[in-house]
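Single-letter residue listing:
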Amino acid sequence: MAHYYPVMLNLNRRSCVVVGGGGVATRKVEMLLGCGATVKVIAPIIDPALKPRVSAGMIIHVNG
């Protein structure tokens, strides 16, 4: 049986990194932005849904 613990984090103006650029990463980025985080995505290719966020300067894409 897995053991879990709840975590509540204030991510407002905090730097967060998402590794990967697919659909799961896109959902994570949206949630992090909704919390006010500064988001950097590390992936060789990102989902087309993330590209407007990069162009607008809302997230940083690092080709990794």
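Residues numbered from 1 in each chain as written. Predicted model: local features only at pLDDT ≥ 70, side-chain atom pairs only at ≥ 80, totals over all residues. Heavy atoms only, no water.

**Q** Before we move on, can you summarise a nonpolar patch on the surface with the specific residues and values?
**A** Taken together, Val17, Val19, Ile42, Ile60 and Val62 make up a surface patch of nonpolar side chains, about 420 Å² in accessible area. Position of Val62 among the secondary structure elements: in strand 3 (residues 59–62). The partly exposed category is assigned to Val62, whose relative accessible area is 32%. (Patch = residues over 30% accessible without salt bridge, like charges linked within 9 Å, V, L, I, M, F, W, Y side chains within 5 Å. Areas by Shrake-Rupley, 256 points an atom, 1.4 Å probe, with all protein chains shown as cover. Salt bridge = Lys/Arg side-chain N within 4 Å of Asp/Glu carboxyl O. Helix = DSSP H or I, 4+ residues; strand = E, 2+ residues; numbered from the N terminus. Buried < 20%, exposed > 50% of the residue type's maximum accessible area, 1.4 Å probe, protein only.)

**Q** Break down the nonpolar core for me, citing the residues and quoting the values.
**A** Membership of the largest hydrophobic core comes to 13 residues, with the highest contact counts inside it found for Val18, Val29, Leu32, Ala37, Val39, Val41 and Ile59. Contributing elements (two or more residues each) for this core: strand 1 (15–19), helix 1 (23–34) and strand 2 (38–42). It is helix 1 that provides the largest number of residues to this core, a total of three residues. Those residues in contact with Val18, other than ones at most four positions away along the chain, are Ala25, Lys28, Val29, Leu32, Val39, Lys40, Val41 and Ile42. (Core = buried A, V, L, I, M, F, W, Y, C linked by side-chain atoms within 4.5 Å. Contact = heavy atoms within 4.5 Å.)

**Q** Go over the side chain of Thr26 with me, naming the residues and quoting the values.
**A** For Thr26, the position within the fold is in helix 1. On the basis of relative accessibility, which here comes to 11%, the residue Thr26 falls in the buried class. Of note is the side chain of Thr26, whose polar atom sits 2.9 Å from the backbone oxygen of Gly22. Apart from the residues lying within four places of it in its own chain, the contact partners of Thr26 are Gly21, Asp47, Ala49 and Leu50. (Polar contact = N/O pair within 3.5 Å; in protein donor to acceptor, adjacent residues only side chain to side chain.)

**Q** Tell me about helix 1, and name the residues and values.
**A** Taking 1.5 Å of rise per residue, the twelve residues of helix 1 would be expected to cover 16 Å, and the 17 Å separating its terminal C-alpha atoms lies within 8% of that figure. Among all positions in helix 1, only Ala25, Thr26, Val29 and Leu32 are buried. For helix 1, the buried positions fall inside an angular range of 130° around the axis, keeping them on one side. Along helix 1, exposed side chains directed more than 90 degrees from the buried face belong to Arg27, Met31 and Gly34. (Expected span 1.5 Å × (residues − 1). Arc of directions from axis to C-beta.)

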